[in-house]
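Fold and contact review
Spelled out from the first residue to the last, the chains are:
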Amino acid sequence: MLAKINETATFLADKMPFRPKVGIILGTGLGELATQITNRHEIPYTQIPNFPISTVEGHSGKLIIGMLGQTQVLAMQGRFHYYEGYNMKEVTFPVRVMKALGIETLLVSNAAGGMNPSFQIGDLMIISDHINTFPENPLRGKNEPSLGTRFPDMSKAYPKHLRDKAKAIAQAHGIRVVEGVYVGTAGPTFETPAEYGYFRVIGGDAVGMSTVPEVIVAVHAGMQVFAMSIITDLGIAGQVVEVSHQEVQEIANQAQPKMTLIMKELIAQL
Ligand code: HPA
């Protein structure tokens, strides 16, 4: 794996006019931020050695390197989901490459179903912690010490100073944000009412099919993480309604200007 990471990082480094320290993974319906990147260089995943190819509808699959305001960034438009059939090493490979390229802070967005009864559809949730219910941990297998420690601490996976900054930005702009625990699940089925209830009981505020693998690898690699969910549907006892991928994308599109603003201002403060 080390050789692959180095091969990919070297390929990309040759194509990059600068060395961003900020990486962004843009989730479902959150492409707006990508359109605001200037001086951009785009590299389709299909051209990147060792990169898996994104297959899910709504994910175009390219790396974008450029400026967000005054900050150099490397953004992933389209991520690899476990439910697509990739193994965890593939899902998280781009995060390893980001680290090899010098990324220190990883910003992640996603769409999620809300289970906290105080949440509303369209809310933005700052992720304070997560629960990993994927059947496989991306760090399973032989540990490569140069990539990180065997048993990484996860007590501060989502550092408070970044969450506090984001909250202050939201408040300054009158944007409602909530904060909570994200349950990462394999999917691709949305939850049954009983499963939403179960994820609520174990301590979850929202549930989605991504983010946790990438965050585990980012923390293992010593990166600091900030992550936010758009609450696109509710799985609250007595209020569980039918949910579709299209609905998730529509709600995410409506909420994305708020998310974009918070992410952009947070990046300016890093
Ligand atoms: N469950 C899982 N993933 C999701 C959901 C959900 O309710 N909404 C958006 N992504």
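This section reports on the structure supplied with the text.

Reading the values: the criteria
Residues numbered from 1 in each chain as written. Predicted model: local features only at pLDDT ≥ 70, side-chain atom pairs only at ≥ 80, totals over all residues. Heavy atoms only, no water. Axes fitted to C-alpha atoms, helices over the stretch in contact; angles between N-to-C directions. Helix = DSSP H or I, 4+ residues; strand = E, 2+ residues; numbered from the N terminus. Parallel < 35°, antiparallel > 145°, perpendicular 65-115°, else oblique. Left-handed = near helix turned anticlockwise from the far one by under 90°. Contact = heavy atoms within 4.5 Å. Nonpolar A, V, L, I, M, F, W, Y, C, P; charged D, E, K, R; others polar. Expected span 1.5 Å × (residues − 1). Buried < 20%, exposed > 50% of the residue type's maximum accessible area, 1.4 Å probe, protein only. Arc of directions from axis to C-beta. Phe/Tyr/Trp six-rings, centres within 6.5 Å; stacked < 30°, edge-to-face > 60°. Pairing = 2+ DSSP bridges. Salt bridge = Lys/Arg side-chain N within 4 Å of Asp/Glu carboxyl O.

1. Observations concerning the packing of helix α4 (residues 160–172) against helix α7 (residues 245–269)
Each packed pair of helices is defined by two parameters, the angle between the axes and the distance between the axes. Here α4 crosses α7 at 125°, and the two axes come no closer than 9 Å. Relative to α7, the element α4 is oriented oblique. Relative to α7, α4 is oriented so that their crossing is right-handed. On α7, the residues touching Leu 162, Lys 165, Ala 166, Ile 169 and Ala 170 of α4 are Leu 261, Ile 262, Glu 265, Leu 266 and Gln 269. For the contact of α4 with α7, a count of residues per class yields seven nonpolar, one polar and two charged.

2. Digging into helix α1 (residues 2–15)
Its 14 residues place the ends of α1 20 Å apart at the C-alpha level, agreeing with the 20 Å of an ideal helix rising 1.5 Å per residue. Along α1, the residues that are buried comprise Ile 5, Thr 8, Ala 9, Leu 12 and Ala 13. Taken end-on, α1 shows its buried residues confined to a sector of 135°, consistent with a single buried face. In α1, the exposed positions that point more than 90 degrees away from the buried face belong to Ala 3 and Asp 14. The elements touched by buried residues of α1 are β2 (38–44), β3 (62–68) and α3 (88–100).

3. Side note on the packing of aromatic side chains
Applying the stated criterion to the full structure yields seven aromatic pairs. With 5.3 Å between their ring centres and 40° between their planes, Tyr 198 and Phe 199 make a pair best called tilted. The class for Tyr 198 is partly exposed, based on a relative accessible area of 47%. An aromatic cluster is built from Tyr 45, Phe 51, Phe 80, Tyr 86 and Phe 93, whose rings are joined through pairwise contacts.

4. Focus: the environment of Gly 102
Its place among the elements puts Gly 102 in the loop between α3 and β5 (105–114). For the pair formed by Gly 102 and Tyr 86, sequence separation is 16 residues and the distance between their alpha carbons is 25 Å. Those residues in contact with Gly 102, other than ones at most four positions away along the chain, are Pro 20 and Lys 21.

5. What about the pairing of β3?
Of all seven residues making up β3, six are buried, and the element is well covered by its neighbours. Of the strand pairs in this sheet, β2 and β3 are connected by five bridges, and their pairing is antiparallel. Along β3, the bridge assignment pairs His 41 with Ile 65. Pairing analysis gives seven bridges linking β3 to strand β4 (residues 71–77), with the strands arranged antiparallel. If you follow Ile 64 over to β4, its bridge partner there is Ala 75. Linking β3 back to β4 in an antiparallel pair, the connection comprises two residues, with Gly 69 at a positive phi of about 65°.

6. Quick word on the pattern of salt bridges
Applying the stated rule across the entire model yields nine salt bridges. With a shortest N-O distance of 2.7 Å, Glu 214 and Arg 79 are connected by a salt bridge. Residue Glu 214 is found in helix α6 (residues 212–220), and its partner Arg 79 is found in the loop between β4 and α3; the two are separated by 135 residues along the sequence. A residue is classified by how much of its surface remains accessible, and Glu 214, at 2% relative accessible area, is buried. Asp 123 is the partner of Arg 176 in a salt bridge, and the nearest nitrogen-oxygen pair spans 2.7 Å.

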